[in-house]
Amino acid sequence: QVQLVESGGGLVQPGGSLRLSCAASGSIFSINAMGWYRKAPGKQRELVAHTTSGVITNYADSVKGRFTISRDTAKNTVSLQMNSLKPEDTAVYYCYADLVPYPPERKSDYWGQGTQVTVSS
């Protein structure tokens, strides 16, 4: 059973930093991409950042220059360093992975349970 588990969320002051981590575990054949989405109250889920198995990264415009995604392919983990946090960053952050489990399944997108990030004074 493939699972993604996030950690690192919490309450932080505006301008502060948090580092989110996500670990994929279980019987995994390969991971094509990992990343982060977030869901803020009253808003749709949006892509925050993701990275493929290569060096390509993608960020939402709202977080460019503030957030950095990194992936350790050997450990099946992905992290999101969040700097200069703003109240608008408040959301539940979800880790996702585009992966191939073993035995293979039709499903390829896997999600973590989410971790709350609250930016408030």
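Residues numbered from 1 in each chain as written. Predicted model: local features only at pLDDT ≥ 70, side-chain atom pairs only at ≥ 80, totals over all residues. Heavy atoms only, no water.

Trainee: How should I be thinking about unusual backbone geometry in this particular structure?
Mentor: For residues besides glycine, phi is generally negative; the peptide bonds are generally trans as well. Here the amide bond leading from Tyr-102 into Pro-103 is cis, since omega sits at 0 degrees, within 30 degrees of zero. Following the sequence through the fold, Pro-103 ends up in the loop between strand E9 (91–101) and strand E10 (109–111). Although it is not a glycine, Asn-76 sits at a positive phi angle of roughly 55 degrees. Structurally, Asn-76 is set in the loop between strand E7 (67–72) and strand E8 (77–82). Positive phi values are uncommon outside glycine, yet Ser-84 reaches one of about 50 degrees. When you line up the elements, Ser-84 lands in the loop between E8 and E9. (Helix = DSSP H or I, 4+ residues; strand = E, 2+ residues; numbered from the N terminus.)

Trainee: Could you clarify how one ought to interpret the sheet that holds strand E1 (residues 3–7) in this entry?
Mentor: In sheet architecture, strand pairing relies on hydrogen bonds along the backbone and comes in two forms, parallel and antiparallel. One open sheet holds the four strands; their spatial order is E1-E3-E8-E7, and the pairing between them is antiparallel. Edge positions in the sheet fall to E1 and E7, since each of these pairs with one other strand and no more. For this sheet the average axis-to-axis angle between neighbouring strands, irrespective of direction, equals 15 degrees. Pairing between E1 and strand E3 (residues 18–25): five bridges, direction antiparallel. Among the inter-strand pairings, Leu-4 is bridged to a residue of E3, identified as Ala-24. (Pairing = 2+ DSSP bridges. Axes fitted to C-alpha atoms, helices over the stretch in contact; angles between N-to-C directions.)

Trainee: It is not clear to me how the pairing of strand E5 (residues 46–52) should be interpreted in this structure. Could you clarify?
Mentor: Each regular strand shows side chains that alternate between the opposite faces of the sheet. In this sheet, E5 lies alongside strand E4 (residues 28–39) in antiparallel orientation, the contact comprising six bridges. For Met-34, the partnering residue across the bridge sits in E5 and is Thr-51. Taking the residues between adjacent antiparallel strands as the criterion, E4 and E5 are bridged by six residues, where Gly-42 takes a positive phi near 75 degrees. Of the pairings in the sheet, the one linking E5 to strand E6 (residues 57–59) comprises three bridges and is antiparallel in character. In the sheet register, His-50 faces E6, and the bridge partner there is Asn-58.

Trainee: Is there a simple way to think about the state of the cysteines in this case?
Mentor: Two cysteines form a disulfide when their sulfur atoms are joined by a covalent bond. Considering all chains together, one arrives at one disulfide under this definition. Residue Cys-22 pairs covalently with Cys-95 via a disulfide, S to S 2.0 Å. Because the torsion about its S-S bond is -80 degrees, the bridge between Cys-22 and Cys-95 counts as left-handed. Taken together, the positions of Cys-22 in strand E3 and Cys-95 in strand E9 put the pair 73 residues apart, joining distant regions of the chain. For the pair shown, Cys-22 and Cys-95 are each scored as buried. (Disulfide = S-S within 2.5 Å. Buried < 20%, exposed > 50% of the residue type's maximum accessible area, 1.4 Å probe, protein only.)

Trainee: Explain the environment of Gln-81 here, please?
Mentor: If you trace the backbone, Gln-81 turns up in strand E8. Separated by 13 residues in sequence, Gln-81 and Thr-68 place their C-alpha atoms 5.0 Å apart. If sequence neighbours within four positions are ignored, Gln-81 has contacts with Ser-17, Leu-18, Arg-19, Arg-66, Phe-67 and Thr-68. A distance of 3.3 Å separates polar atoms of two side chains, one belonging to Gln-81 and the other to Arg-19. At 2.9 Å, the side chain of Gln-81 and the side chain of Asn-83 are in polar contact. (Contact = heavy atoms within 4.5 Å. Polar contact = N/O pair within 3.5 Å; in protein donor to acceptor, adjacent residues only side chain to side chain.)

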